[in-house]
Amino acid sequence: TGTPVDTTLTASITPKFSTSKILVIVSQCFQVYGTQGAGWVVNLQRNGSNIQSEQMQLGSASGASNYNNMYTTLNMTYLDSPATTSSTVYYFAVKNTGAGTNYVGQDGSGVCGTITLLEVAG
């Protein structure tokens, strides 16, 4: 808990036009060792500034109270308007908000996560 930590999931793009929009498509997996209520805040960032946040939390749909070795995936799509023709970097910062330990980018079989950037003429 506390300060968000940058992940290694990153991509950059140099828009051709300052009026272009950037479609950001992300799939990021998490491995959780925690209890009910364990969760995290995922911040999509552009050049160090937060542009979109998602909060994820484990519930008790199965009635379980222990979520050791549980896997989940965050899928996010965001249409950004960076208003620049300079290189623009997109990445994630993650903050643990509950009990337990969360591993970002692991799904049990290895590292997983993709970020795709598409320029959309504006």
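Residues numbered from 1 in each chain as written. Predicted model: local features only at pLDDT ≥ 70, side-chain atom pairs only at ≥ 80, totals over all residues. Heavy atoms only, no water.

### Some details on the overall build of the chain
Of the regular secondary structure elements, the chain holds zero helices and eight strands. Along its sequence from the N terminus, the chain presents helices and strands in the succession β-β-β-β-β-β-β-β. The burial tally for the chain puts 37% of its 122 residues in the buried class. Look at the contacts in the chain between residues 6 or more apart in sequence, and 81% of them connect residues 24 or more apart. (Helix = DSSP H or I, 4+ residues; strand = E, 2+ residues; numbered from the N terminus. Buried < 20%, exposed > 50% of the residue type's maximum accessible area, 1.4 Å probe, protein only. Contact = heavy atoms within 4.5 Å.)

### Let's talk about the pattern of salt bridges
The tally for this structure, following the rule as stated, stands at one salt bridge. Note that aspartate 80 and arginine 46 form a salt bridge whose closest N and O atoms lie 2.6 Å from each other. With aspartate 80 in strand E5 (residues 70–80) and arginine 46 in strand E3 (residues 39–46), this residue pair connects regions lying 34 residues apart in the sequence. (Salt bridge = Lys/Arg side-chain N within 4 Å of Asp/Glu carboxyl O.)

### Things to note about the confidence of the model for the chain
Close inspection of predicted coordinates is inappropriate in any region flagged by low pLDDT. For the chain, per-residue confidence averages 82 on the pLDDT scale, and residues scoring 70 or more make up 75% of the total. At the low end of the mean pLDDT range in the chain sits strand E7 (residues 100–104), at 71; at the high end sits strand E8 (residues 113–120), at 94. (pLDDT = per-residue confidence, 0-100.)

### As for the pairing of E3
Among the eight residues that make up E3, seven are buried, leaving the element largely enclosed by the rest of the structure. Two strands pair when backbone bridges link them, and E3 and strand E6 (residues 88–96) are joined in this way by seven bridges, in the antiparallel orientation. Paired with glutamine 45 across the strands is tyrosine 91, a residue of E6. (Pairing = 2+ DSSP bridges.)

### Observations concerning the side chain of glutamine 45
Following the sequence through the fold, glutamine 45 ends up in strand E3. In this structure, glutamine 45 is in contact with Asn50, Ile51, Val89, Tyr90, Tyr91 and Ala93, ignoring residues within four places of it in sequence.

### Brief notes about unusual backbone geometry
With a phi angle near 50 degrees, asparagine 47 is a residue other than glycine that sits in the positive phi range. Looking at where asparagine 47 falls in the secondary structure, it is placed in the loop between E3 and strand E4 (49–57). Unlike most non-glycine residues, alanine 83 shows phi in positive territory, near 55 degrees.

### A closer look at the nonpolar core
Membership of the largest hydrophobic core comes to 20 residues, with the highest contact counts inside it found for Val24, Tyr90, Phe92, Ile115 and Leu117. Counting residues per element, the ones that place at least two in this core are strand E1 (5–13), strand E2 (21–34), E3, E4, E5, E6 and E8. Considering each element in turn, this core owes the most residues, four residues, to E2. Each residue touching phenylalanine 92, except ones within four places of it in the same chain, is listed here: Val5, Asp6, Thr7, Leu9, Val26, Val42, Asn43, Leu44, Leu74 and Met76. (Core = buried A, V, L, I, M, F, W, Y, C linked by side-chain atoms within 4.5 Å.)

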